[in-house]
Amino acid sequence: MEQYEHTCMIRGDGGKAIRAILDRICDKWTMLIVATLEQGRMRFSHLQQHIPGISQRMLTLTLRNLERDGLVSRTVYAEVPPRVEYALTPQGESLIPPALALARWAIEHNSEIQSSRDAYDARSK
């Protein structure tokens, strides 16, 4: 593994497995859902209220994928009407520290990145 530490050529699949995982966890909706569920268990409607701009379809798809990947658990309660709650699994909770580190990095470098974008856009005109 050490020889591949600085590359995506892990396990001989050309990085396919790693890219699939990164595609999921780096998706903007995934990060917003994970950050929201860090507050605790939530019902679907509560999640949707706390994530501006997410459609019902996108929330459904993302939650299903997160459940499939073992990052979110879905609990159905036998009530009328049925109550469904979502929560982070321990694996999902382990995503919080690296996500916060990445967010911190983005905040710290935001002005530099914006300056670079502005300079690039000015040259491209």
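This section reports on the structure supplied with the text. (Residues numbered from 1 in each chain as written. Predicted model: local features only at pLDDT ≥ 70, side-chain atom pairs only at ≥ 80, totals over all residues. Heavy atoms only, no water.)

### Regarding the overall build of the chain
Short version of the rule: Helical segments are the DSSP runs of H or I of at least four residues, strand segments are the runs of E of at least two, and each set is numbered from the N terminus. Throughout, a contact is declared for two residues whenever any of their heavy atoms are within 4.5 Å. Computed by Shrake-Rupley with a 1.4 Å probe, the accessible areas treat only the displayed protein chains as cover when residues are assessed.
Helix and strand counts for the chain come out as six helices and three strands. The order of α-helices and β-strands along the chain, N terminus first, is α-α-β-α-α-β-β-α-α. Pairs at least 24 residues apart make up 41% of the contacts formed inside the chain by residues separated by at least 6 positions. When the accessible surface of the chain is totalled, it reaches about 9,200 Å², and 55% of it is carbon and sulfur.

### Some remarks on the packing of helix α2 (residues 28-37) against helix α4 (residues 56-68)
Put simply, the rule is: What counts as an axis is a line fitted to C-alpha atoms, over the stretch in contact for a helix, and the angles between N-to-C directions run from 0 to 180 degrees. Here the angle decides the label: under 35 degrees means roughly parallel, over 145 means roughly antiparallel, 65 to 115 means roughly perpendicular, and every other value means oblique. Amino acids are sorted into nonpolar (Ala, Val, Leu, Ile, Met, Phe, Trp, Tyr, Cys and Pro), charged (Asp, Glu, Lys and Arg) and polar (every other residue, Gly among them).
Between α2 and α4, whose axes approach to 10 Å, the crossing angle comes to 75°. Considering the angle they form, α2 stands roughly perpendicular to α4. Each of Trp 29, Thr 30 and Ile 33 in α2 lies in contact with α4, whose residues at this interface are Met 58, Leu 59, Thr 62, Leu 63 and Leu 66. Taken together, the residues of the contact of α2 with α4 sort by class into six nonpolar, two polar and no charged.

### Looking at the pairing of strand β2 (residues 72-77)
Basically, it comes down to this: A pair of strands is labelled paired if DSSP reports no fewer than 2 bridges between them.
Bridge analysis of β2 against strand β3 (residues 83-88) gives six bridges, and the strand direction is antiparallel. The residue of β3 that forms the bridge with Val 76 is Val 84.

### Notes on the side chain of Thr 30
Positionally, Thr 30 belongs in helix α2. Excluding residues that lie within four positions of it along the chain, Thr 30 makes contacts with Arg 24, Ile 25, Thr 62 and Leu 66.

### Examining the pattern of salt bridges
In plain terms, the rule: Whenever a carboxyl oxygen of Asp or Glu lies within 4 Å of a side-chain nitrogen of Lys or Arg, that contact is scored as a salt bridge. Whether a residue is buried, partly exposed or exposed follows from its accessible area with a 1.4 Å probe, protein chains only, as a fraction of its type maximum: under 20%, in between, or over 50%, in that order.
Evaluated as defined, the whole model comprises four salt bridges. Between Arg 41 and Glu 85 there is a salt bridge; the shortest N-O distance is 3.9 Å. In this pair, Arg 41 is assigned in the loop between α2 and β1 (42-43) and Glu 85 in strand β3, connecting sequence segments 44 residues apart. The closest approach of N and O atoms between Glu 79 and Arg 83, which form a salt bridge, is 3.0 Å. Take Glu 79: its relative accessible area is 37%, and that puts it in the partly exposed class. Through salt bridges with shared partners, a single network forms among Arg 41, Glu 79, Arg 83 and Glu 85.

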